[in-house]
Amino acid sequence: MSKRLIDGPREHPSSNSDQVFFNIGLSGELGDNFSWNAGYVHSTARLDVLNNDNFNNARRAAALDAVVNPANGQIVCNITLTNPSAYPGCLPLNVFGKGSENAAALAWIVGSSVFTAHTTMDDVSGSVTGTPFSTWAGPVNMALSGEWRKIGYEASN
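Everything in this summary refers to the structure shown in the same document. (Residues numbered from 1 in each chain as written. Predicted model: local features only at pLDDT ≥ 70, side-chain atom pairs only at ≥ 80, totals over all residues. Heavy atoms only, no water.)

Once that is clear, we can look at the overall build of the protein chain. If you tally the helices and strands in the protein chain, you get three helices and six strands. Traced from its N-terminal end to its C-terminal end, the protein chain shows the element sequence β-β-α-β-β-α-α-β-β. By the compact-globule yardstick of 15 Å for 157 residues, the protein chain is too spread out, its C-alpha radius of gyration being 31 Å. Within the protein chain, buried positions represent 19% of all 157 residues. When the accessible area of the protein chain is evaluated, it comes to approximately 10,700 Å², of which 55% is carbon and sulfur surface. Across the protein chain, the mean location of the 9 positive side-chain charges is 16 Å away from that of the 13 negative side-chain charges. (Helix = DSSP H or I, 4+ residues; strand = E, 2+ residues; numbered from the N terminus. Rg over C-alpha atoms; globule rule 2.2 N^0.38 Å. Buried < 20%, exposed > 50% of the residue type's maximum accessible area, 1.4 Å probe, protein only. Areas by Shrake-Rupley, 256 points an atom, 1.4 Å probe, with all protein chains shown as cover. Lys, Arg positive; Asp, Glu negative; His and termini not counted. Charge placed at Lys NZ, Arg CZ, Asp CG, Glu CD.)

In this section: the nonpolar core. Nonpolar side chains in soluble globular proteins tend to be buried together. Core analysis: the biggest nonpolar cluster contains twelve residues, these being F55, A62, A63, C77, C90, L93, V95, A105, L106, W108, I109 and V110. Within the residue set of this core, elements represented by two or more residues are α1 (57–64) and α3 (103–109). Per-element accounting of this core gives the leading share, four residues, to α3. Those residues within four positions of C77 in sequence are excluded, and the remaining contacts are A62, A63, D65, A66, C90, L91 and P92. (Core = buried A, V, L, I, M, F, W, Y, C linked by side-chain atoms within 4.5 Å. Contact = heavy atoms within 4.5 Å.)

Moving on: a nonpolar patch on the surface. Where nonpolar side chains cluster on the molecular surface, the patch consists of L47, F115 and Y153 and spans about 290 Å² of accessible area. Along the chain, Y153 falls in strand β6 (residues 138–156). We classify Y153 as exposed; its relative accessible area is 56%. (Patch = residues over 30% accessible without salt bridge, like charges linked within 9 Å, V, L, I, M, F, W, Y side chains within 5 Å. Salt bridge = Lys/Arg side-chain N within 4 Å of Asp/Glu carboxyl O.)

Moving on, we come to the pairing of strand β2 (residues 34–55). Two strands pair when backbone bridges link them, and strand β1 (residues 12–30) and β2 are joined in this way by 19 bridges, in the antiparallel orientation. When the sheet's bridge partners are listed, S15 is paired in β2 with V49. In this antiparallel pair of consecutive strands, β1 and β2, the connection spans three residues, and G31 shows a positive phi of 70°. (Pairing = 2+ DSSP bridges.)

Here the structure, examined in full by the defined rule, presents one disulfide. Here C77 engages in a disulfide with C90; their sulfurs sit 2.1 Å apart. Where C77 bonds to C90 through sulfur, the torsion about that S-S bond is close to -80°, and the disulfide is left-handed. In this pair, C77 is assigned in strand β4 (residues 75–77) and C90 in the loop between α2 (78–82) and α3, connecting sequence segments 13 residues apart. In this structure, C77 and C90 share a single accessibility class: buried. (Disulfide = S-S within 2.5 Å.)

What follows covers the environment of T129. Topologically, T129 is positioned in strand β5 (residues 110–135). Counting along the chain gives 14 residues from T129 to A143, while the straight-line C-alpha distance between them is 4.3 Å. The residues touching T129, leaving out its near neighbours within four places in the chain, are N33, F34, S35, M142 and A143.

In structure tokens form, the structure reads like this:
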């Protein structure tokens, strides 16, 4: 079975992102033949996403597992008979046929979900360049550089 719930609400996501970057650098000379530079970068980013009218897949699965209640002959969610406290208020969802979905059952399986992501980065770099000596062919140039970077990511919902 494959069906798109056309009578259900459409998702209305909204997101907000805040980003902060901090950069600093220094440079200088070491005597007449060498120069150096160093830098640091720190950045953070936070992304908040709110999905309104998002299908709750666990609730949808419970609503789709409909059975006849032997006590009264009514169609109910199977979970209501086997573990009533797991999904209180479960309403059976009929997905067979166009427009067959009960509005109350659709409302029960739809909700909002929140997702938050934090990203951080720290980067330290530096270099030394210069001419340590000269030969008959001219100056001998050298460069030495290094960088350290740490990137972090954390997500929650």
